[in-house]
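# Structural characterization, general
Letter by letter, the chains look like this.
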Amino acid sequence: MKGTNEQRAGLLSGIGAYGLWGLVPLFWPLLKPAGAIEILAHRMVWSLVVVGIALLVLRRWSWIGELIRQPRKLGLIAVAAAVITVNWGLYIWSVNNGHVVEASLGYFINPLVTIAMGVLLLGERLRPAQWVAVGTGVAAVLVLAIGYGQPPWISLILAFSFATYGLVKKKVNMGGLESLTAETAVLFVPALGYLLWLGARGDSTFGSEGLGHASLLAATGVVTATPLVLFGAAAIRVPLSTLGLLQYLAPVFQFVLGILYFHEEMPPERWAGFALVWLALTLLTWDAFRTVRRTRAQALALAAQPAPSAGGTASSSPSATPAR
């Protein structure tokens with residue numbers, strides 16, 4: 001019963017995390033007339049405040065000393081911070097400039113980009129279905145490029161930056177709350193410096209647009225940290241395959257908002273490109289479930305085999321002889 005409750009709580013946390021990420025396009029336009037860079041700087045500053053309070057409540061500080069003594073990991077944190085800055089900044093700009101659908105495409109093709117980077121950078125080998133999915137994704141980008149008259153740069157930059165971020169985070173191997181704290185700590189000084197400079201010029205909207213606007217800018221920290229905390233709760237309670245499916249909630253919500261709420265155009269060539277992307281993701285999902293079932297069946301078969309007797313094994317197999 002306890003395990004069932006844990007899985008249910010994890011599933012709800014995962015839906016909450018990806019649901020909030022999918023609905024966040026509704027939030028960024030509320031911050032106008034602040035520009036994308038000002039919003040981004042506030043997001044960096046207030047995110048550190050929020051995660052700092054969370055760590056203070058949880059009393060999780062020991063990792064800081066360990067991190068400071070590891071220059072290589074610090075360097076990777078700095079790279080992750082730089083990459084997520086590009087991702088966050090472009091996404092905010094895209095939403096506030098009428099490119100929600102194109103931004104959602106970036107997160108649809110992100111799994112395909114991640115797989116391609118695994119092959120090119122890590123030497124990973126793909127199964128046939130994965131090759132077909134990646135090839136279909138490339139075809140989708142070509143169709144969209146023809147439709148746009150240029151490559152879908154927003155989608156590609158969002159996908160590649162987030163895939164790179166995920167790759168670096170994998171090498172850093174830190175918890176979500178800790179890694180976000182470290183990344184925002186790296187970003188805090190330049191972000192705060194930019195905001196102070198903006199205020200000195202009289203171009204800051206934080207103090208000139210009223211208390212409500214200032215409160216919304218401060219809320220960027222909560223908007224950033226809340227889904228991450230929910231994701232962390234889900235990651236330890238539900239299988240990775242379930243999280244893999246839940247990740248599509250965010251771009252689906254963004255895509256629907258782009259069409260129904262922001263009324264962005266969807267010409268036939270864009271529908272064709274998206275259809276190819278969805279086909280590629282369907283192939284990936286099918287292949288992932290098939291692999292999980294096959295691995296589980298093999299594990300059950302091995303567990304069902306009777307253990308060989310020590311005497312019989314030793315007399316029939318030279319490899320059973322202890323090394324000397």
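Residues numbered from 1 in each chain as written. Predicted model: local features only at pLDDT ≥ 70, side-chain atom pairs only at ≥ 80, totals over all residues. Heavy atoms only, no water.

## Points about the packing of aromatic side chains
All chains considered together, the criterion is met by 17 aromatic pairs. Aromatic pair Phe255 and Phe274: ring centres 4.9 Å apart, planes at 40 degrees, arrangement tilted. Here the residue Phe255 occupies a position in helix α12 (residues 249-261), and Phe274 occupies one in helix α13 (residues 268-304), the gap between them amounting to 19 residues. Phe274 shares its class with Phe255; the two are buried. Ring geometry for Tyr261 and Phe262: centres 4.9 Å apart, planes at 85 degrees, overall edge-to-face. By relative accessible area, which is 23% here, Phe262 ends up partly exposed. In textbook terms, an aromatic cluster arises when at least three aromatic residues are bridged by ring pairs, as seen for Phe108, Phe255, Trp271, Phe274 and Trp278. We note Arg43 situated over the ring of Trp88; from NZ or CZ to the ring centre the distance is 4.1 Å. (Phe/Tyr/Trp six-rings, centres within 6.5 Å; stacked < 30°, edge-to-face > 60°. Helix = DSSP H or I, 4+ residues; strand = E, 2+ residues; numbered from the N terminus. Buried < 20%, exposed > 50% of the residue type's maximum accessible area, 1.4 Å probe, protein only. Lys NZ or Arg CZ within 6 Å of the ring centre and 35° of its normal.)

## A word on the pattern of salt bridges
This structure, assessed with the given rule, holds 3 salt bridges. The residue Asp203 makes a salt bridge to Arg201 at a minimum N-O spacing of 3.2 Å. For Asp203, a relative accessible area of 38% gives the class partly exposed. One salt bridge in this structure joins Arg290 and Asp287, with 3.1 Å as the shortest N-O distance. With Arg290 and Asp287 both in helix α13, this residue pair falls 3 residues apart, about one helical turn. Using a relative accessible area of 28% as the deciding quantity, one classes Arg290 as partly exposed. According to the relative accessible area criterion, Asp287 is buried, its value standing at 1%. Via salt bridges that share partners, Arg127, Asp287 and Arg290 belong to a single interconnected network. (Salt bridge = Lys/Arg side-chain N within 4 Å of Asp/Glu carboxyl O.)

## A short note on the nonpolar core
Within the largest apolar cluster, 44 residues are counted, with the highest numbers of intra-cluster contacts made by Trp28, Leu31, Ile39, Val51, Tyr91, Ile92 and Leu158. Secondary-structure elements contributing two or more residues to this core are α2 (36-58), α3 (62-68), α4 (71-96), α5 (100-122), α7 (153-172), α8 (176-201) and α10 (220-235). For this core, the leading source of residues is α4, giving 11 residues. Look past the residues within four positions of Ile92 in its chain and what remains in contact with it is Trp28, Ala36, Ile39, Leu40 and Arg43. Judged by nonpolar contacts, the second largest core, of 25 residues, contains Met117, Val134, Ala140 and Ala163. (Core = buried A, V, L, I, M, F, W, Y, C linked by side-chain atoms within 4.5 Å. Contact = heavy atoms within 4.5 Å.)

It is worth stressing that arrangement in space is one thing and function is another; only the former is reported here.
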